[in-house]
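What follows is each chain in one-letter form.
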There are 2 protein chains.
Amino acid sequence: MNGHPLAVALVHSPVVDKRGDRVVSAVTNLDLHDIARTARTYGVDRFYVVTPVAEQQVLINRILRHWRAGHGAGYNPHRGEALSLIEIVPSLEEAVSGWSREIGEKALPVLTGARRSDGVSFDQCRQLRQDHPLMLVFGTGWGLAPELFDQGWPVLEPIRGVGDYNHLPVRAATAIILDRLHVEPWITITSGPADHGGIRN
Amino acid sequence: MNGHPLAVALVHSPVVDKRGDRVVSAVTNLDLHDIARTARTYGVDRFYVVTPVAEQQVLINRILRHWRAGHGAGYNPHRGEALSLIEIVPSLEEAVSGWSREIGEKALPVLTGARRSDGVSFDQCRQLRQDHPLMLVFGTGWGLAPELFDQGWPVLEPIRGVGDYNHLPVRAATAIILDRLHVEPWITITSGPADHGGIRN
């Protein structure tokens, strides 16, 4: 893989609900497991779970202890190995600054969202990875709050399937995006029909 | 996309547990939601949930009713749209025969597994799709039971990430595999280093 480290952030605030109202979403146990396992598979260096809610932070720590050191660690050590990537932080800003400090280099957040059309392509994102340590930022609920898109950070183009259904679970989106960014550079994309949306370019 | 229909089957029996013992795994609510939403995104025509346990079948039907016609249908119609792909069957054989009957053509099961090394490549699987209606078969627990691999059905190569951690959640594996099979035929893969495992060939 590339020399630059890679992080993932799962944001529970600020996100929006289905009406577009700003909410703090609850942490879902399976998000932690699934995204940690996928991140571990694709060599991600850190998985930031962003929630400002103290009770949720306590809950996550309890889950992590179970799998890292408690009964779960004996039952299934692979889980602890994946979950050890997790760092709990109260805000995305602290994830970015904390990780930049840790790696000694300025990390570049790349936002994701199913309803964005102004994004960088997967190919451009792979190029960005050559030059920067990236932090892929995923929103829970109905997506990242609008103000995050005003920071000047790159936004990754949405995953397009067949037709216009764009309601992938964040767990699936994370898996697909990490897999696509993992494409080796000698895979070249030749030109396709002009009217095609461009699933992978 | 290709003309041939595509199905997914999620098998809860026969599968193995972490000791390799044959077990019937319990249906996980989030598997149904995640895989249905991913399947719907990638234009999959049917999602077979395979369990011989009558109580589990009742449970799944209750979940489906909630989202297709109950409170959930009003709250989030996209879920019902995805979950309507689900068909509950007691065995993989019935999934294959039922679906073959439905589409009027013999469906070809393609097995998946994280620990197989004898499989067809993703590229070969895309070729198979040109000629057959495929049913991608995923195991829960610690994977499909060995006897399923003795039927002569093609086995898809495992997803390889970075390193040797191969414990992707079935929800993530389904998403990655459907995304990879969705690659348009004008994407060509040029030769890479000889010692590379070949993530996408």
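Attention in this report is confined to the structure presented alongside it.

Each value, and the rule that gives it
Residues numbered from 1 in each chain as written. Chains lettered and ligands numbered in written order. Predicted model: local features only at pLDDT ≥ 70, side-chain atom pairs only at ≥ 80, totals over all residues. Heavy atoms only, no water. Helix = DSSP H or I, 4+ residues; strand = E, 2+ residues; numbered from the N terminus. Buried < 20%, exposed > 50% of the residue type's maximum accessible area, 1.4 Å probe, protein only. Contact = heavy atoms within 4.5 Å. Areas by Shrake-Rupley, 256 points an atom, 1.4 Å probe, with all protein chains shown as cover. Expected span 1.5 Å × (residues − 1). Polar contact = N/O pair within 3.5 Å; in protein donor to acceptor, adjacent residues only side chain to side chain. Phe/Tyr/Trp six-rings, centres within 6.5 Å; stacked < 30°, edge-to-face > 60°. Lys NZ or Arg CZ within 6 Å of the ring centre and 35° of its normal. Axes fitted to C-alpha atoms, helices over the stretch in contact; angles between N-to-C directions. Parallel < 35°, antiparallel > 145°, perpendicular 65-115°, else oblique. Nonpolar A, V, L, I, M, F, W, Y, C, P; charged D, E, K, R; others polar. Core = buried A, V, L, I, M, F, W, Y, C linked by side-chain atoms within 4.5 Å. Pairing = 2+ DSSP bridges. Salt bridge = Lys/Arg side-chain N within 4 Å of Asp/Glu carboxyl O.

## Observations regarding the overall build of chain A
Along the backbone of chain A there are seven helices and eight strands. Within chain A, buried positions represent 55% of all 201 residues. Counting only contacts in chain A whose residues sit at least 6 apart along the sequence, the fraction spanning at least 24 positions is 80%. For chain A, the exposed surface amounts to about 8600 Å²; the carbon and sulfur share of it is 49%.

## What to know about helix α7 (residues 170-181) of chain A
In this model, α7 of chain A (twelve residues) spans 16 Å end to end at C-alpha, consistent with the 16 Å of a helix rising 1.5 Å per residue. Within α7 of chain A, twelve of the twelve residues are buried, leaving the element largely enclosed by the surrounding structure. Taken together, the buried positions of α7 of chain A are occupied by Val170, Arg171, Ala172, Ala173, Thr174, Ala175, Ile176, Ile177, Leu178, Asp179, Arg180 and Leu181 of chain A. If you follow the buried residues of α7 of chain A, they end up packed against β1 (6-11), α1 (29-41), α6 (122-131) and β7 (134-139) of chain A together with α1 (29-41) and α7 (170-181) of chain B.

## Quick notes on the side chain of Arg180 of chain A
By the element assignment, Arg180 of chain A lies in helix α7. Among the polar contacts made by the side chain of Arg180 of chain A, one reaches the side chain of Asp179 of chain B at a distance of 2.6 Å.

## Quick word on the packing of aromatic side chains
One pass over the structure, following the stated rule, counts zero aromatic pairs over all chains. Across the ring face of Tyr75 of chain B, the terminal group of Lys18 of chain A is positioned such that the distance to the ring centre comes to 4.6 Å.

## Overview of the packing of α1 of chain A against α7 of chain A
Each pair of packed helices gets described by two things: the angle between the helix axes and the distance between those axes. Residue and element names in this part refer to chain A. Interaxial distance between α1 and α7 falls to 10 Å at its minimum, and their mutual angle equals 10°. In this view, α1 runs roughly parallel relative to α7, as classed from their interaxial angle. Between α1 and α7, the residues in contact are Leu30, Asp31, Asp34, Ile35, Thr38 and Ala39 and Val170, Arg171, Thr174, Ala175 and Leu178, respectively. Looking at the contact of α1 with α7 residue by residue, the classes come out as six nonpolar, two polar and three charged.

## Quick word on the nonpolar core
Grouped together as the largest cluster of nonpolar side chains are 81 residues, with contacts concentrated most on Phe47 and Leu136 of chain A together with Phe47 and Leu136 of chain B. Apart from the residues lying within four places of it in its own chain, the contact partners of Phe47 of chain B are Val8, Leu10, Asp31, Leu32, Ile35, Ala36, Leu85, Ile86 and Glu87 of chain B.

## A closer look at the sheet that holds strand β5 (residues 86-89) of chain B
Across a sheet, paired strands are connected by hydrogen bonds in the backbone, their directions being either parallel or antiparallel. All names here are of chain B. Spatially, five strands are ordered β5-β4-β1-β7-β6 in an open sheet, and the strand pairing comes out parallel. Pairing within the sheet leaves two strands with one partner each, and these edge strands are β5 and β6 (108-111). With direction set aside, neighbouring strand axes in the sheet form an average angle of 25°. Its contacts with the sheet place α1 against β1 (6-11), β4 (46-50) and β5, and it is angled at close to 160° to β4.

## Describing the sheet that holds strand β5 (residues 86-89) of chain A
Residues and elements named next belong to chain A. With parallel pairing, the five strands of this open sheet are ordered in space as β5-β4-β1-β7-β6. Only two strands of the sheet have a single neighbouring strand rather than two, namely β5 and β6 (108-111). Strand-to-strand twist of the sheet, defined as the mean angle between neighbouring strand axes without regard to direction, takes the value 25°. In this sheet, β5 lies alongside strand β4 (residues 46-50) in parallel orientation, the contact comprising four bridges. Looking across to β5, one finds that Val49 is bridged to Ile88. Contacts from helix α2 (residues 54-68) reach β4 and β5 within the one sheet, and its direction differs from that of β5 by about 165°. Here helix α5 (residues 92-103) sits on the sheet in contact with β1, β4, β5, β6 and β7, set at roughly 155° to β4.

## Digging into the pattern of salt bridges
When their charged atoms lie close together, side chains carrying opposite charge are able to pair. Throughout the structure, instances matching the rule amount to 22 salt bridges over all chains. Ionic pairing is found between Asp31 of chain B and Arg171 of chain B, a salt bridge with its closest N-O pair at 2.5 Å. Here Arg171 of chain B lies in helix α7 and Asp31 of chain B lies in helix α1, a separation of 140 residues in the sequence. On the accessibility criterion, Asp31 of chain B (3% relative accessible area) is buried. Arg46 of chain B is paired through a salt bridge with Glu102 of chain B; the nearest N and O atoms lie 2.5 Å apart. Of this pair, Arg46 of chain B sits in strand β4 while Glu102 of chain B sits in helix α5 (residues 92-103), placing them 56 residues apart in sequence. A relative accessible area of 17% means that Arg46 of chain B is categorised as buried. Taken together, the shared-partner salt bridges connect Asp17, Arg19 and Asp21 of chain A into one network.

## Topic: α5 of chain A
Residues and elements named next belong to chain A. Relative to the 16 Å expected for twelve residues at 1.5 Å per residue, α5 spans 17 Å between its end C-alpha atoms, a close match to the ideal helical length. Restricting attention to buried positions, one finds in α5 the residues Leu92, Ala95, Val96, Gly98, Trp99 and Ser100. Residues of α5 that are buried sit in contact with β1, β4, β5, β6 and β7. Trailing α5 by a residue or two, Gly104 shows a phi angle of about 70°, which is positive.

## Thoughts on the environment of Gly20 of chain B
Looking at the secondary structure, you find Gly20 of chain B in the loop between β2 (15-16) and β3 (22-23). Once the C-alpha coordinates of Gly20 of chain B and Arg180 of chain B are considered, the two residues, 160 residues apart in sequence, prove to be 29 Å apart.

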